[in-house]
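Single-letter residue listing:
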Amino acid sequence: MCLIMHGGVWQGRLKACLAAAEIFIGLFAAVPPRDAAPGRHGLASTAHAGSTTAPAPSRPHPGPGHVFHASRGARCSPATTHNPPVLQRDPWKMSNPRNGDTKPPCLPRNGLVKIPTQPNGLGSASITKGTPAVKNRLCQPSSVPAILSPALAPRSDLPIPSLASPLSLAALAGVSSPPGASLVGLNSSEATPGAEHPSPERLPGSPSERQLAVDEKILNRLFWYFSACEKCVLAQVCKAWRRVLYQPKFWVGLTPVLHTKELYNVLPGGEKEFVSLQGFAVRGFDGFCLVGVSDLDICEFIDNYPLSKKGVKSMSLKRSTITDAGLEVMLEQMQGVVRLELSGCNDFTEAGLWSSLNARITALSVSDCINVADDAIAAISQLLPNLAELNLQAYHVTDTALAYFTAKQGYTTHTLRLNSCWEITNHGVVNMVHSLPNLSVLSLSGCSKVTDDGVELVAENLRKLRSLDLSWCPRITDMALEYIACDLHKLEELVLDRCVRITDTGLSYLSTMSSLRNLYLRWCCQVQDFGLKHLLGMGSLRLLSLAGCPLLTTTGLSGLVQLQELEELELTNCPGATPELFKYFSQHLPCCMVIE
């Protein structure tokens, strides 16, 4: 939602506010807010991209997810004069996409979306895709449901405001935009100096309209419909809106991403002053991602953020130059940290882990840190008895490291992700299944030396698994899928991306799994139409990804309409996915989101 600012700075804003309130008031009776359960009021929870009416989305819900991959995405940003801080979706959460009439620009997987700058230091947002069920969603659609009450039917020709496109609310209010008008929030330096936030008495329109625009009860319900990006912009409209939006409930699950240069203001004399983080504290942020920081930067952050000592629960350091001493000071001073991520931090050593890791940590992610090897895993296993989740991307970790986990961790650790651990073989899998028998989430993505025998060990010993990721394991064949189908009766999610030896025979084994809800077969180059027929009887399937499967034809794909319970279907880069097929799906799978 963008407001036009011209000669009478606040008058343009206020007319827009009233127009927005008039239009959105019709939403309350027809559409449930984000925290409503899916399907509430009889509305479907998902819709095809071509649908003319988008349902109200459900709020993000917890789910297993990859940790902080935001740096991989490309930025789609408006014209700004500087790079503001970023908001990132909590890696332990999921977010549901929403569809509207206008197709928004596509974003890369794990993409970043910048939004207009605002003076409080919270200027842009990055939504990190989490679980495999989310990370294949490539578009960020309009966030406002396209549903209006009958009372507003005469104005149904007006576009629905959204930050996905630069739509001026002045158009909705019937106010023409003067030449040279600027979008409020795109550049805070363009605002008229000394402009004051208006009071309700100065609002144009009748007293009832003026009161409606700042009624906190209405605003508390209205703002649930907007994404984090849009809330950042809406907080700039007036003090009343900011007061409502700055409640911590609107920012749960989001993590501010701060780069080194954004932590300091340059004074006229050339000296640097650490920025105020009070705005973050008001919103109750309990997690931060710091990019490119040094030991000194971290100490400054601890001294300047009011909640740093006890209130911060999650810390992520990316491409940081933190040393062993800095890591020790950070974890000693920030007593509330229970989730820690170290990504691309090459200046700390295994000795630093031994001296700094604290038993209160329950979730740890270490990736692309060149000094991490078997001894680092020994430190983790000995010093973190309450570890529930471990995400590890380390190229020098061997089979020996997986035997270090203690008996207590065997009971507490439920999630283990070993991504691109190239040196791990079936012997390491033996150590893992005996050390961590209670795993419910396991990823061996990119562990290229693991074979069908390793998968058999997993299936026979880890019967509690609900999610298994075997992507980029080129030695996996149909035999591994037979082991999975026979023994993993609780499995709900299976990722087989780039398992190039899987054929239609393997899919016939999977067709017997009544609990499987999410199946990923991206770039499985031997899967054909006959294999898809085996999947047509899987009534439990809710998500199916066939992206990049070159042998699937339009005829074979059209049979998927038999999966009436399907909620998401990904057909990106499928030669058989034609425009006619997508139209066919929109007619016969109206509740399924089809990703082209």
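In what follows, the structure referred to is the one given above.
Residues numbered from 1 in each chain as written. Predicted model: local features only at pLDDT ≥ 70, side-chain atom pairs only at ≥ 80, totals over all residues. Heavy atoms only, no water.

Draft legend 1. Just the overall build of the protein, in detail. For the protein, the count of helices and strands is 20 helices and 21 strands. A fraction of 77% describes how many contacts in the protein between residues 6 or more apart in sequence connect residues 24 or more apart. Just so you have it, the protein exposes about 23,500 Å², and 54% of that area is on carbon and sulfur atoms. (Helix = DSSP H or I, 4+ residues; strand = E, 2+ residues; numbered from the N terminus. Contact = heavy atoms within 4.5 Å. Areas by Shrake-Rupley, 256 points an atom, 1.4 Å probe, with all protein chains shown as cover.)

Draft legend 2. Spotlight on the pairing of strand 10 (residues 314-318). For strand 10, the tally of buried residues reaches five of five residues, placing the bulk of the element in the interior. Relative to strand 10, strand 9 (residues 287-291) is paired through five bridges, and the arrangement is parallel. Pairing of Leu290 across the sheet is with Leu317, part of strand 10. Each parallel crossover has a hand, and for strand 9 linked through helix 9 (residues 295-304) to strand 10 it is right-handed. Pairing geometry for strand 10 and strand 11 (residues 339-343), over five bridges, is parallel. (Buried < 20%, exposed > 50% of the residue type's maximum accessible area, 1.4 Å probe, protein only. Pairing = 2+ DSSP bridges. Right-handed = clockwise from strand over helix to strand, strands pointing away.)

Draft legend 3. Structural detail: helix 9. Taken residue by residue, helix 9 has Asp297, Ile298, Phe301 and Ile302 as its buried positions. An end-on view of helix 9 places all buried positions within 140° of arc, on one side of the element. Helix 9 presents Leu296 and Asp303 as exposed residues on the side facing more than 90 degrees away from its buried surface. Residues of helix 9 that are buried sit in contact with strand 7 (264-266), strand 8 (272-274), strand 9, strand 10 and helix 10 (324-333). (Arc of directions from axis to C-beta.)

Draft legend 4. Layout of the pattern of salt bridges. Taken as a whole, this structure holds eight salt bridges when the rule is applied. A salt bridge links Arg243 to Glu216; the nearest nitrogen and oxygen atoms lie 3.0 Å apart. Taken together, the residues Arg243 in helix 7 (residues 239-245) and Glu216 in helix 5 (residues 216-222) connect sequence positions 27 residues apart. As a salt-bridge pair, Glu389 and Arg417 come within 2.9 Å of each other at their nearest N and O atoms. (Salt bridge = Lys/Arg side-chain N within 4 Å of Asp/Glu carboxyl O.)

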